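Tertiary structure, described
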Amino acid sequence: MEGGYEPALHVEPERPPVNDALTDAPLLTVSGYSIVYDVEPPVQAVRDVTLTLHRGEILGLAGESGSGKTTLAYGIQRLLRPPAVITAGSVVFHDEDGTHVDINALDVKALQRFRWDKVSMVFQGAMNALNPVADIGSQLEDVFTVHRPGMRRRERKAAIAELLDLVGVGSERARSYAHELSGGMRQRVMIAMALALRPQLMVMDEPTTALDVLVQREILQKISELRHQFGFSVIFITHDLPLLLEISDRIAVMKDGAIVELATAEDLYRSPQHPYTRRLLSSFPSLTGARGAYAGRTGSSQENA
Ligand SMILES: Nc1ncnc2c1ncn2[C@@H]1O[C@H](COP(=O)(O)OP(=O)(O)O)[C@@H](O)[C@H]1O
Ligand SMILES: [Mg+2]
């Protein structure tokens, strides 16, 4: 499926470029991965998924509700709970320090370090998950207190201010409570939290679905900017294909737990191979009209000017 993929830039994996984060170095290799919900009757939510995510890449995961996107994303981070069972396959994380981490083999302690530090997640509906009785600064601070116990208070405060500025919330908002912020601002706080420990991969599950189109666009632009600044990779999940076409380097289309097509955003739009992809594309009127509706991406990003 990846035959046609030409990375835009070849760079040394150990030095992520500042301005163009995409490389051909693998960050995550998923092989023959399957997940079943052990209920009656059993649900095969993820079927024999094989894919490679590259360092600095934004990989879009598309597919209708129920196609297995969230289950796959959880599986990759070992966030699944019973009745979910990983029945086959492996997920290997290629750390920037050169080690390869078999995620299925991590024990609980190693998993705790792995999450947040190496991979972080913005959950579906995350913006409603902020604690209503603590200000956002102290919720960000918790991440450092737990994962960077050696940090001094002053360093934590500085890091929080920097994060809030980075995501466009503004450090002056550190003492605000969730209810004082708009949905878009709350979602930016969640992104700040996911960014806190400078992970190499951010998994975002429908991060902008509940937001209006304008706010959604601003947040996507911010994610794209941050990705170029820090060189992390993103798995971006949404049923909103037009959105994915704009933000993704490549897109994987899921149907009934399987990846039926994986291509660059441009190829997927211009010559979708699978009938399901064509059906998915045609279900968005904004895409089927003028061809110009899709601005396209060629690997280097113009939108963060
Ligand atoms: N806890 C669960 N128990 C049983 N089935 C589940 C559970 N969670 C999800 N599923 C099923 O797994 C399939 C994939 O779901 P999900 O990963 O949430 O899809 P998506 O994120 O693409 O909407 C669906 O058929 C869903 O009903
Ligand atoms: Mg989902």
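Just so we're clear, the structure is a prediction, and the values are computed from it rather than from any experiment.

It is worth spelling out the overall build of the chain at this point. Assigned secondary structure in the chain consists of ten helices and ten strands. Put simply, of all contacts in the chain between residues at least 6 apart along the chain, 69% involve residues at least 24 apart. For the chain, the accessible surface area stands at approximately 14,000 Å², while carbon and sulfur atoms represent 52% of it.

The subject of this paragraph is the site of ligand 1. The environment of ligand 1 is formed by Tyr37, Val43, Ala45, Glu64, Ser65, Gly66, Ser67, Gly68, Lys69, Thr70 and Thr71. Side-chain polar atom of Lys69 to an oxygen atom of ligand 1: 2.8 Å apart, as the coordinates give it. Here Thr70 contributes a side-chain N or O atom positioned 2.8 Å from an oxygen atom of ligand 1. Looking at the shell around ligand 1, the elements with two or more residues in it are β2 (43-54) and α1 (69-76). With three residues, α1 is the single largest residue contributor to the shell around ligand 1. Split by residue class, the shell around ligand 1 holds three nonpolar, six polar and two charged.

At a minimum axis distance of 9 Å, the contact between helix α3 (residues 136-147) and helix α5 (residues 183-195) shows a crossing angle of 20 degrees. In terms of orientation, α3 and α5 fall into the roughly parallel class. Where α3 crosses over α5, the two elements pack in a sense that is right-handed. For the pair α3 and α5, contact is made by Ile136, Gln139, Leu140 and Val143 and by Val189, Ala192 and Met193, respectively.

A word on the environment of Val108. Tracing the backbone through its elements, the reader meets Val108 in helix α2 (residues 108-117). Look at Val108 and you get exposed, because its relative accessible area is 63%. Taking the C-alpha atoms as reference points, Val108 and Arg78, separated by 30 residues in sequence, lie 9.8 Å from one another.

Turning to the nonpolar core, a few remarks are in order. Counting residues in hydrophobic clusters, the biggest one holds 56 residues, and the most contacted among them are Ile191, Phe236, Leu241 and Ile251. Ranked by the residues each element gives to this core, the list is headed by α5, at seven residues. Both of domain 1 (1-118 + 199-288) and domain 2 (127-198) provide at least three residues apiece to this core. For Phe236, the contacting residues outside a window of four places in its chain are Ile58, Leu59, Gly60, Leu61, Met204, Pro207, Thr208, Leu220, Ile223, Leu243, Leu244 and Ile247. Core analysis: the next-biggest nonpolar cluster, separate from the first, contains 33 residues, Val30, Leu59, Ala84 and Val203 among them.

Here we take up the pattern of salt bridges. Summed over the entire model, instances satisfying the criterion amount to 13 salt bridges. With its nearest N and O atoms 2.9 Å apart, the salt bridge here joins Lys157 to Glu141. Taken as a pair, Lys157 in helix α4 (residues 153-166) and Glu141 in helix α3 lie far apart in primary sequence, 16 residues in all. Here Glu225 and Lys222 are joined by a salt bridge, their closest N and O atoms 3.4 Å apart. Of this pair, Glu225 and Lys222 are both found in helix α6 (residues 213-230), three residues apart, which corresponds to roughly one turn of the helix.

What counts and how
Residues numbered from 1 in each chain as written. Chains lettered and ligands numbered in written order. Predicted model: local features only at pLDDT ≥ 70, side-chain atom pairs only at ≥ 80, totals over all residues. Heavy atoms only, no water. Helix = DSSP H or I, 4+ residues; strand = E, 2+ residues; numbered from the N terminus. Contact = heavy atoms within 4.5 Å. Areas by Shrake-Rupley, 256 points an atom, 1.4 Å probe, with all protein chains shown as cover. Near = heavy atom within 4 Å. Polar contact = N/O pair within 3.5 Å; in protein donor to acceptor, adjacent residues only side chain to side chain. Nonpolar A, V, L, I, M, F, W, Y, C, P; charged D, E, K, R; others polar. Axes fitted to C-alpha atoms, helices over the stretch in contact; angles between N-to-C directions. Parallel < 35°, antiparallel > 145°, perpendicular 65-115°, else oblique. Left-handed = near helix turned anticlockwise from the far one by under 90°. Buried < 20%, exposed > 50% of the residue type's maximum accessible area, 1.4 Å probe, protein only. Core = buried A, V, L, I, M, F, W, Y, C linked by side-chain atoms within 4.5 Å. Domains from an automatic or database assignment. Salt bridge = Lys/Arg side-chain N within 4 Å of Asp/Glu carboxyl O.

The values are spatial; any link to function lies outside them.
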